[in-house]
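# Residue-level structural notes
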Amino acid sequence: MSPLLCPSSSSLPSGGHCPPLLLLRVQNLGWYQPPRTGGSPRDTRVSGSSGTITLRCKDLRVLQLEIPGMEQCLNIAGSIEALSSVDSVMMMYPFFHRPPGLRLEQGWHRFPPERFFQRLSSQTSQWRLSTVNRDFSACPSYPEAVIVPAAVGDDTVTKAARFRQGGRFPVLSYFHPKNGTALLRSSQPLTGHNRRRCPEDEKILGTILDEGERGFIIDTRSAQAAKQARMSGGGTEPKSAYPQWRRIHRALERGRPLQESFTRLVEACSDPSLSMDRWLARLDGSRWLSHVKAALSTACLAAQCLDREDCKVLVHGAEGTDTTLLVTALAQLILDPSCRSLQGFQGLLEREWIQAGHPFQLRCARSASSHGRGKQEAPIFLLFLDCVWQLSRQFPFSLEFGEELLLTLFDNAYASAYGTFLCNNEKERSLCKVKESTHSLWAWLEQPEEKHKYLNPLYSHNPLVIWPSVEPQSIQLWQGLFLRWIRPSQHLDEAWSEIQRLVEGNNNSSKESTRKRLSQTPPDPAAGTGNGR
Amino acid sequence: MEHIRMPKVENVRLLDRLSSRRAVVGTLYLTATHVIFVENGSETRKETWVLHSQISSIEKQATTATGCPLLIRCKNFQVIQLVIPQERDCHDVYISLIRLARPVKYEELYCFSFNPKLDKEEREQGWKLVDLNEEYHRMGVPNNYWQISDVNRDYGVCDSYPTEVYVPKSATAHIIVGSSKFRSRRRFPALSYYCKGNNASICRSSQPLSGFSARCLEDEQMLQAIRKANPGSDFIYVVDTRPKLNAMANRAAGKGYENEDNYSNIKFQFIGIENIHVMRNSLQKMLEVCELKSPSMSDFLWGLENSGWLKHIKAIMDAGIFIAKVLIEKDWVSFGHKFNHRYGNLDGDPKEISPVIDQFIECVWQLMEQFPCAFEFNERFLIHIQHHIYSCQFGNFLCNSQKERRELKIKERTYSLWAHLWKNRADYLNPLFRPDHSQSQGTLHPQIAPCNFLYKFWSGMYNRFEKGLHPRQSVTDYLMAVKEETQQLEEELEVLQERLANLQKSQSGNNKVKSKQQDRSKQFGLYTSNNSLANTPQEYSNDLKSFPSRSPSQGDEDSALILTQDNLKSSDPDLSANSDQESGVEDLSCRSPSGGGCLPSEDSGKDSDEAVFLAG
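Counting starts from 1 at the beginning of each chain's written sequence and moves along it residue by residue. Each chain gets a letter, beginning with A, and each ligand a number, beginning with 1, in the order they are written. Reporting of local features is limited, given that this is a predicted model, to residues whose pLDDT is at least 70; pairs of side-chain atoms are given and counted only at 80 or more, and all residues count toward the totals for whole chains, interfaces and linings. Excluding hydrogens and water, the side-chain figures rest on all heavy atoms present in the structure.

Chain B appears in an unreviewed UniProt entry as Myotubularin related protein 7 from Cyanoderma ruficeps.

As named in an unreviewed UniProt entry, chain A is Myotubularin phosphatase domain-containing protein, taken from Cyanoderma ruficeps. UniProt positions are given in the numbering used here, feature names are shortened, and annotations may be inferred rather than shown by experiment. As recorded by UniProt, the Sequence similarities (unreviewed entry) comment attached to chain A reads in full: "Belongs to the protein-tyrosine phosphatase family. Non-receptor class myotubularin subfamily."

The structure is reproduced here in structure tokens:
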């Protein structure tokens, strides 16, 4: 069945939408409950029974559809199941979605590594843009162009890549112009149980530091876990081989436990039978807020090493595609004011998540209701968005975008009409011709009427580092996301539009006032000068 | 003062709970009214002022190598950790504070010496700001059903009620007096709130002395009279705020609850709000959680759950007793809430202390969070009221009843908080409030029952002195400034329009425009600087210890502090003593950006987001 054909929309109560919208919702589906018989058996007027389909959507909404006629219900359920588990990327909706007013190529080339490097090269000459990964041969999950130390040649890089899991050799993630320090990321070294070493890898990390200079390696696993990784060929940088680097371990949860945490939180949020005590116990039991706190603390630690201790920092966990990116992306948001604009934030996402090879397709497949299916499912990106939300709550004027953008990003990471979050890395995107055959989310968001929705009316450029509080009292549940379909939001929405009204009213008066003033500039220039008062 | 054994101790360290690096060295002063800590630091010499009446407990901990730690916990939830070098000095400070924090006579309280330099007339006006009779008048009483009774003049019937009490017209003095004899502490049913729209009313009383079987004809008649005062209703609800078990247990002591068989047309209901002892313990437990040193998320959430505090808050909200716009003055002060007993202003039985008013204030805050546009006041208003309930700087919350307050001549001898708040009302306004907004129309309908998640921990109150925990930028202040500016711009626009009209008439230049323009740009300069709040990293790691830590400079220059009446008159609760508004030094953390001035940048090395006093 072609994905464009969907069951006749009139048979669904929510029908009446144009087919693409319905299809979007099907793709948004996380899990559906098999139909069960409903209706009143005593009501003889209804011949046959009706069925209920429960749709658990990836945006955490739960829909219940009562469908008259058991057979019809089963048919619909079958269709939905088939449609919601399309395996081939190229059969997915973004390849068919053609929004009016947008051109396919729009938005895809707004954040190339070259542009990022251009800004960097005006500040330092210690780094260079390498095309060693041109055909994705050195590292399949890196983009074609990466930034490496200027003093290191491409063949050194190629050899170092073989010493890192998945070929993810150390690359520059962020350059801190204030003191010339830098944030790097990689995957774990393949030390293994026989303590293998790699001179090329040691050279890369060695040339970064001047003589006597010290650097930090932030390992996002516990010391124990890093040690154990040696059994399966991984490991960590030994002191003897990297004498100028000090290792700090910060255990951040990933994979299955993080996914379970997410599922437990969503279940607690949608359980209306809880008493206050039970609610707090379940909130605590889900451990989600602990993960938020840990992620923020680790990002702050990295930022602190860079900004306050003037040290270069390398971040990695195991694969270097999950918690590593969480830490490097958050650290940049904390340190770098240019990441906090709408445009800059999109650039950050593009650089540190999409091009950096976070496996979106594997991690964001089923959302909270991935019942056992998909061992690769994990809400790392959601955890990042939650941390950004915490920052925006603590610094309400410092981010140019509001909660609405974070929600939209969450929705699109899990189910989208746009190609931006498709596939797991640039290589796959290139193979699937994502950039040629789908629209970019950034192009859609760039349209003035869309853009307006995502702007924070309170924004005012803050050139400083924003150090958040990571005390438990300061970490809050992101109600706007986890309770989006549950809590009444009318009063809060009203407050938000009141804020917009106040600020925009101010801008208007200000403009109007300036205009008036300009229009009444004295016609005679002599009249404007010569009076000292 | 005879109680001060040690007026000044030098080289005292003030610790910071969140960061050991932020400890500062300074001099500790004890005065008749305040504990004052003055930092040694070079230019700024930050000062921390704490009123003796705010102190709720003082704990002397075991001496360590660095000195003798002294922990001062305040009723406004400030916690001050000092380390005094000499054990003997620490002991003297401890003994002095124990005595100073527990005055035995009302006359020792701060409000009797506090003088905001108002003349007699202003003082009287302050006391008239909230007038009970006017409140009732606003509600529409007296009317055909309700009247003022003078049965309690000279406090003859009930000494904890005011002299003027609103009762149903049909309730004769005989009935009232009879009913009062059947009620605990003679608190007979009297009107609290009257709803003009539907004649419904809320009355309140103490428990009846029913025991297991006692009856009182007059009390039954009293309830009948109340029922008849609402011709539209056939029955009245009698709501008992206690858990049923507690009420039943009280019967053994000759007290109890109304028997539905004896009172016609009543519907009886328990709501199960726990008693003051449970509440006091619950708050205590929650505050312990707030004080934990680097707690994990789990420690915090588990502690919060275990304290039961939010459960109680929710129980109170669910009861729906507290309608948002109930004014504190009417419902709490005039009807003999036992302020002195419950808030422990004077030395007394610690078991009588309870945080009921804290809970009321928190309930209002929880409502504000759910209805951001519905309240004319903001969070700061609530926090400052809470502060002053315990500060004893104003006479409003002293004593246990109107009778006591009259005997002490509170209105002649002290000042009213409401006048003070009114004077600074610009600081307390909610910029989102609009009288014509739907949220400010009629009754609020808060979410009840399963919406637990709507109830949040109020760190703005319970951790209010740890500014590092709070959002670093205040939306309220920003919007207030924007609102003010818009207003000014609109006024300017009007002027300009007028001018334009004039210009069009006569094409002459005008130099006044220019000066106006300069004013405006100055104002803009201030407004754009509001973002650069001082912000330094917390301790995100202990692993960085190997690096030279940036310890605060320890100047040993002695700082002489001259206490003048001027210093004492400071009355802003953010002060634990804060900036003196008239000295021209603004407290940057709480003032609107338009009044602020340039905030220090993050690298200035001082935490200007702390509540401090910058006067030199």
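On to the overall build of chain B, then. Helices and strands together make up the secondary structure of chain B, namely 21 helices and 13 strands. Remark: exposure states derive from per-residue accessible area (1.4 Å probe, protein chains only) relative to the maximum for the residue type, with buried under 20%, exposed over 50%, and partly exposed in between. Within chain B, buried positions represent 55% of all 616 residues. Between two residues, a contact is recorded if the distance between any of their heavy atoms is within 4.5 Å. The long-range share in chain B, meaning contacts at least 24 apart out of those at least 6 apart in sequence, stands at 69%. Surface accessibility of chain B: about 27600 Å² in total, with carbon and sulfur atoms responsible for 50%. Only DSSP runs of H or I with at least four residues qualify as helices, and only runs of E with at least two residues qualify as strands; both kinds are numbered from the N terminus onward. For accessible areas, the Shrake-Rupley method is used with a probe of radius 1.4 Å. Any residue's cover is judged against the shown protein chains and nothing else.

A few words now on the overall build of chain A. Along its length, chain A carries 21 helices and 10 strands. The buried share among the 533 residues of chain A stands at 59%. About 21200 Å² of surface is accessible on chain A, with carbon and sulfur atoms providing 53% of the total.

Moving on, we come to the pattern of salt bridges. All names here are of chain A. By convention in these notes, a salt bridge is any Lys or Arg side-chain nitrogen within 4 Å of a carboxyl oxygen on Asp or Glu. A complete count under the given rule lists 37 salt bridges over all chains for this structure. The partner of Arg282 in a salt bridge is Asp271, and the shortest N-O contact between them spans 3.4 Å. One end of the pair, Arg282, is in helix 8 (residues 276-286); the other, Asp271, is in the loop between helix 7 (255-269) and helix 8, with 11 residues separating them in the sequence. On the accessibility criterion, Asp271 (22% relative accessible area) is partly exposed. The residue Glu352 makes a salt bridge to Arg351 at a minimum N-O spacing of 3.9 Å. The exposure class of Arg351 is buried, given its relative accessible area of 14%.

Here we take up the side chain of Glu362 of chain B. All names here are of chain B. Looking at where Glu362 falls in the secondary structure, it is placed in helix 12 (residues 356-370). Buried within the structure, Glu362 lacks any salt-bridge partner; Lys456 is the closest side chain of opposite charge, at an N-O distance of 11 Å. Those residues in contact with Glu362 that lie beyond four places of it in its chain are Trp309, Leu310, Ile313, Lys456, Trp458 and Tyr462. None of His or the chain ends enter the tally, which takes Lys and Arg as positive and Asp and Glu as negative.

In this structure, Pro142 of chain B follows Val141 of chain B across a cis peptide bond, with omega equal to 0 degrees. Within the element layout of this structure, Pro142 of chain B appears in the loop between helix 3 (132-139) and strand 8 (146-149). Positive phi, normally seen in glycine, also occurs at Arg287 of chain A, with a value near 65 degrees. Within the secondary structure, Arg287 of chain A is located in the loop between helix 8 and helix 9 (288-307). Although it is not a glycine, Tyr155 of chain B adopts a positive phi angle of roughly 55 degrees. By secondary structure assignment, the location of Tyr155 of chain B is in the loop between strand 8 and strand 9 (165-168). On the basis of relative accessible area, Tyr155 of chain B is assigned to the buried category, the value being 11%.

Residues and elements named next belong to chain A. Counting through the fold element by element, Gln500 comes out in helix 20 (residues 490-519). Judged by relative accessible area, which is 16%, Gln500 ranks as buried. Each residue touching Gln500, except ones within four places of it in the same chain, is listed here: His452, Pro457 and Gly505.

Next up on the list: a negative patch on the surface. Residue and element names in this part refer to chain B. Negative charge collects at one region of the surface, where Glu490, Glu491, Glu494 and Glu498 lie side by side. Tracing the chain through its elements places Glu494 in helix 18 (residues 475-505). Using a relative accessible area of 55% as the deciding quantity, one classes Glu494 as exposed. Patch membership requires over 30% relative accessible area and the absence of a salt bridge. Like charges are linked within 9 Å, and nonpolar side chains (Val, Leu, Ile, Met, Phe, Trp, Tyr) within 5 Å. For this purpose, a charge sits on NZ of Lys, CZ of Arg, CG of Asp or CD of Glu.

What follows covers the packing of helix 9 of chain A against helix 10 (residues 323-335) of chain A. For any two helices packed against each other, the geometry is given by the interaxial angle and the distance between the axes. All names here are of chain A. The contact between helix 9 and helix 10 brings their axes to 8 Å, and the two run at 60 degrees. When the interaxial angle is binned, helix 9 and helix 10 end up oblique. Considering only the axes of helix 9 and helix 10, their crossing is right-handed. Seen from helix 9, the contacting residues are Ala295, Thr298, Ala299, Cys300, Ala302, Ala303, Leu306 and Asp307; seen from helix 10, they are Leu326, Val327, Leu330, Ala331, Ile334 and Leu335. Polar here means any residue outside two lists: the nonpolar Ala, Val, Leu, Ile, Met, Phe, Trp, Tyr, Cys and Pro, and the charged Asp, Glu, Lys and Arg; Gly therefore counts as polar. For the contact of helix 9 with helix 10, the class distribution of residues is 12 nonpolar, 1 polar and 1 charged. Only the contacting stretch of a helix is used when fitting its axis, a line to C-alpha atoms as for every element, and angles between N-to-C directions run 0 to 180 degrees. Any angle that falls under 35 degrees is termed roughly parallel, while one over 145 is termed roughly antiparallel, one within 65 to 115 roughly perpendicular, and all others oblique. Each crossing is labelled by how the near helix is turned from the far one, with a counterclockwise turn of less than a right angle marking it left-handed and a clockwise turn marking it right-handed.

A few words on the sheet that holds strand 9 (residues 245-249) of chain A. Residues and elements named next belong to chain A. Taken in spatial order, the 5 strands of this open sheet run 6-7-10-8-9, and their pairing is mixed. Of all the strands in the sheet, the pair left with one neighbour each is strand 6 (171-176) and strand 9. Neighbour-to-neighbour, the strand axes of the sheet open up by a mean angle of 20 degrees, direction not taken into account. Strands qualify as paired when DSSP identifies two bridges or more between them. Judged from the 5 bridges that link them, strand 8 (residues 215-219) and strand 10 (residues 312-316) form a sheet pairing that is parallel. When the sheet's bridge partners are listed, Asp219 is paired in strand 10 with His316.

With that out of the way, let us pick up the nonpolar core. In this description, a nonpolar core means a group of buried Ala, Val, Leu, Ile, Met, Phe, Trp, Tyr and Cys residues linked to one another through side-chain atoms lying within 4.5 Å. Among the nonpolar cores identified, the biggest contains 145 residues, and Trp279, Trp288, Phe345, Trp353, Phe384 and Phe482 of chain A together with Tyr462 of chain B are the most heavily contacted of them. Among the elements that take part in this core, helix 9 of chain A stands out by supplying 12 residues, more than any other. Formed by 32 residues, the second largest nonpolar core is a distinct cluster that contains Val148, Ile208, Leu209 and Ile217 of chain A.

Let's shift gears to the environment of Pro189 of chain B. Residue position: Pro189 of chain B is located in the loop between helix 4 (173-181) and strand 10 (190-194). By relative accessible area, Pro189 of chain B is classed as buried at 5%.

Right, let's get into the confidence of the model for chain A. Residues and elements named next belong to chain A. Looking at chain A as a whole, its pLDDT mean stands at 82, while 86% of the residues score no less than 70. Per residue, pLDDT measures the predictor's confidence, with a range of 0 to 100. In the predicted structure, residues 1-26 sits below a pLDDT of 50 and forms 38 contacts with residues beyond four places in sequence or in another chain. Confidence drops under pLDDT 50 across residues 33-47; counting only partners more than four residues distant or on other chains, this segment forms 20 contacts.

On to the UniProt feature "binding site: substrate" (unreviewed entry) in chain B, then. All names here are of chain B. The feature "binding site: substrate" (unreviewed entry), as annotated in UniProt, sits at Asn275 and Ile276 in this numbering. Inspection of the secondary structure puts Asn275 in the loop between strand 13 (266-270) and helix 7 (276-291). If you trace the backbone, Ile276 turns up in helix 7. Classification of Ile276 as buried rests on a relative accessible area of 15%.

All right, on to the pairing of strand 1 (residues 8-15) of chain B then. Residue and element names in this part refer to chain B. Across 5 bridges, strand 1 lies against strand 2 (residues 24-30) in antiparallel orientation. For Val12, the partnering residue across the bridge sits in strand 2 and is Gly26. Judged from the 3 bridges that link them, strand 1 and strand 7 (residues 79-84) form a sheet pairing that is antiparallel. Bridge pairing links Arg13 to Val83 in strand 7.

Residue and element names in this part refer to chain A. In this description, a disulfide is simply a cysteine sulfur pair whose atoms lie within 2.5 Å. Scanning the model with the defined rule gives 0 disulfides over all chains in all. You can see Cys387 has no disulfide; the closest cysteine sulfur is in Cys300, sitting 9.3 Å from it. With no disulfide of its own, Cys432 lies closest to Cys423 among cysteine sulfurs, the gap being 4.1 Å.

Residues and elements named next belong to chain B. Ordered in space as 4-3-2-1-7-6-5, the 7 strands form an open sheet in which the pairing is antiparallel. A single partner strand is all that each edge strand has here, and the edge strands are strand 4 (47-51) and strand 5 (55-60). Taken pair by pair, the neighbouring strands of this sheet meet at an average axis angle of 30 degrees, ignoring direction.

Here we take up helix 13 (residues 379-391) of chain B. Residue and element names in this part refer to chain B. Helix length check: helix 13 (13 residues) gives 18 Å between terminal C-alpha atoms against 18 Å at 1.5 Å per residue, within 8%. With 12 of 13 residues buried, helix 13 lies mostly within the body of the structure. Here helix 13 has its buried residues at Arg380, Phe381, Leu382, Ile383, His384, Ile385, Gln386, His387, His388, Ile389, Tyr390 and Ser391. A distance of 3.1 Å separates the backbone nitrogen of Arg380 from a side-chain oxygen at the start of helix 13, and that oxygen is part of Asn378. Trailing helix 13 by a residue or two, Cys392 shows a phi angle of about 60 degrees, which is positive. What a helix is expected to span follows from its residue count: subtract one and scale by 1.5 Å. Pairs of N or O atoms are called polar contacts if they sit within 3.5 Å, as long as, within protein, a hydrogen donor faces a hydrogen acceptor (for residues adjacent in sequence, only side-chain-to-side-chain pairs).

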